[in-house]
Amino acid sequence: MQNLVAVLGLVLICLVESALTGGKRCSSLATGVCVSRSQECPANYIEQAAYSNYIGCYTLDKICCTLKVSTDSTTTTTTPTTPSPTSQPQCGTSSSIVFDRILGGVPTAPCDWPFVVSIRSLLRDQTNIDLSTTGPACQGVLVDKRWVLTSAFCALAAGGSIEDTSYVDRMLVVAAEYNVSQVDIDPSTGQPQEQVIRVERIILHPDYRFRSQSEFYPFNDSVALNSNNVALIKLAEPINGKCSGVICLPTQSEANNSCQGYDDCVITGWGFSTELFEGTPMELLGARVKLSSRDACDFLAERLGLTTVRPVGSLCQSPVFQNTDSCLGDEGGAVMCFNGRSWTVRALLPFNLCTNNKYNLFVTDVHPYITWIQNTISSN
């Protein structure tokens, strides 16, 4: 009983600490104001796009405006305490508006999620690889201009086997992807806005059990399939499109804060949107989710008797709306959380059949793998 009280006390402390250390919002900026999307920012104000969504202004119909930085000595505007748009973070900038669901959900809009990439696999009996000879297999997220973070399951599902050096000839990565059934066109130029990139190398986390897609079958051990379920894909060339961008990795201080849960998170994907597997969406779907702190997740897994079915390196997530979840085909996608300034990848979507009308509790926590991710990128 004393142990239970101690754990409950820790969780309560974490919840209070989370409430006190929540991310900034538009109204908490020194000069931040929210105005209707049907209006323009007031005179001498400029839109802060990173805050112009449900997170910054709490509703979808408003934008966030802050005072411009003065460049004229005769102008008496006050310099905001936050950087101007030209000095926004190099990672994590998105113009997204968040939608309700991914299972049975509605599409996002082109360029909403510049970090998300589609990972395509060579179709059966095809040899020459291009968009017409491949199909969408899963997804990943850009953490560098030449590196995609994804799940190891996704990498093997698309590439086959890392023991076979020809796996790179069976995969394509499409940056700035929106509709997976066609080439997305930039309406301002009439040219493709997406970038089709060959794969140079796949690196699975050394503790992932599998090395070949053929080892997966039958799908009867989700714990093994999703334990240490992390991989990096090196692209043959860097991203360069205006609708492509890099998401932020969490800092060590963010990652080490086991008390902090994350309510402002989003998942995306092209996977199945119904439990009956009757078809996949062509356009990218988005959904809101919440991440629990590690301490709260440990407590929850123990109380629910799920410790034996919890994958190694996992974290707890839950939908903001009922029956919102990832599904087959969404593997490797990022759980993207907004920290008040930029989007950060906090977790990865696991292999999930999304059956029995229940959401999957566990996703792959990025925190235990930050050092491996950084070292792998720097040494390759």
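Residues numbered from 1 in each chain as written. Predicted model: local features only at pLDDT ≥ 70, side-chain atom pairs only at ≥ 80, totals over all residues. Heavy atoms only, no water.

Per an unreviewed UniProt entry, the protein carries the name Plasma kallikrein and comes from Biomphalaria pfeifferi. Comment text from UniProt for the protein, heading Sequence similarities (unreviewed entry), reads "Belongs to the peptidase S1 family. CLIP subfamily." (UniProt positions renumbered as here; feature names shortened; annotations may be inferred.)

**Student:** Looking at this structure, I do not really get the overall build of the protein. What am I missing?
**Tutor:** Within the protein one finds seven helices and 15 strands. Per-residue burial over the protein gives 51% buried out of 380 residues. Across the protein, the fraction of contacts at a sequence separation of at least 24, relative to all contacts at a separation of at least 6, is 71%. When the accessible surface of the protein is split by element, carbon and sulfur atoms take 52% of a total near 17300 Å². (Helix = DSSP H or I, 4+ residues; strand = E, 2+ residues; numbered from the N terminus. Buried < 20%, exposed > 50% of the residue type's maximum accessible area, 1.4 Å probe, protein only. Contact = heavy atoms within 4.5 Å. Areas by Shrake-Rupley, 256 points an atom, 1.4 Å probe, with all protein chains shown as cover.)

**Student:** Explain the sheet that holds strand 4 (residues 116-122) to me, please; I cannot follow it from the model alone.
**Tutor:** Strands belonging to one sheet form pairs held by backbone hydrogen bonds; the direction of such a pair is parallel or antiparallel. The six strands lie next to each other as 4-5-6-9-8-7, forming a closed barrel whose pairing is antiparallel. Ignoring strand direction, the axes of neighbouring strands in this sheet form an average angle of 45°. Bridge count for strand 4 against strand 7 (residues 171-175) is five bridges, and the pairing is antiparallel. Residue pairing for strand 7: arginine 120 is matched across the bridge by leucine 172. Seen against the sheet, helix 3 (residues 152-159) touches strand 4, strand 5 (134-144), strand 6 (147-150), strand 7, strand 8 (195-204) and strand 9 (231-235) and runs at an angle of roughly 35° to strand 4. Against the sheet, helix 7 (residues 370-379) contacts strand 5, strand 6, strand 8 and strand 9, and its axis sits at roughly 25° relative to strand 9. (Pairing = 2+ DSSP bridges. Axes fitted to C-alpha atoms, helices over the stretch in contact; angles between N-to-C directions.)

**Student:** When you look at unusual backbone geometry in this model, what are you seeing that I'm missing?
**Tutor:** With the exception of glycine, most residues fall at negative phi, and the peptide bonds are largely trans. Backbone geometry at alanine 176 places phi at a positive 60°, although glycine is not the residue there. Taking the relative accessible area as the measure of exposure, alanine 176 reaches 6% and is therefore buried. The residue asparagine 228 is not glycine, and still its phi comes out positive at about 50°. Tracing the sequence through the fold places asparagine 228 in the loop between helix 4 (222-226) and strand 9.

**Student:** Looking at this model, I keep getting lost on the state of the cysteines. Mind explaining?
**Tutor:** Covalent bonding between the sulfur atoms of two cysteines is what defines a disulfide. Using the criterion set out here, one finds five disulfides in the structure. Covalently, cysteine 91 is tied to cysteine 248 through a disulfide, its sulfur atoms 1.9 Å apart. A torsion of 95° about the S-S bond marks the disulfide between cysteine 91 and cysteine 248 as right-handed. Taken together, the positions of cysteine 91 in the loop between strand 3 (62-67) and strand 4 and cysteine 248 in the loop between strand 9 and helix 5 (252-256) put the pair 157 residues apart, joining distant regions of the chain. (Disulfide = S-S within 2.5 Å.)

**Student:** Help me understand the nonpolar core, please; the structure alone is not making it clear to me.
**Tutor:** In summary, soluble globular proteins display a tendency toward joint burial of nonpolar side chains. Counting 31 residues, the largest nonpolar core has Ile119, Val173, Ile202, Leu204, Tyr208, Ile233 and Leu235 as its most contacted members. Broken down by secondary-structure element, the contributors of at least two residues to this core are strand 4, strand 5, helix 3, strand 7, strand 8, helix 4 and strand 9. Apart from residues lying up to four places away in sequence, tyrosine 208 is in contact with Ala152, Phe153, Leu156, Phe216, Ala224, Leu225, Ser227, Asn228 and Asn229. By size, the runner-up hydrophobic cluster in this structure holds 29 residues, among which are Phe115, Trp343, Val345 and Trp372. (Core = buried A, V, L, I, M, F, W, Y, C linked by side-chain atoms within 4.5 Å.)

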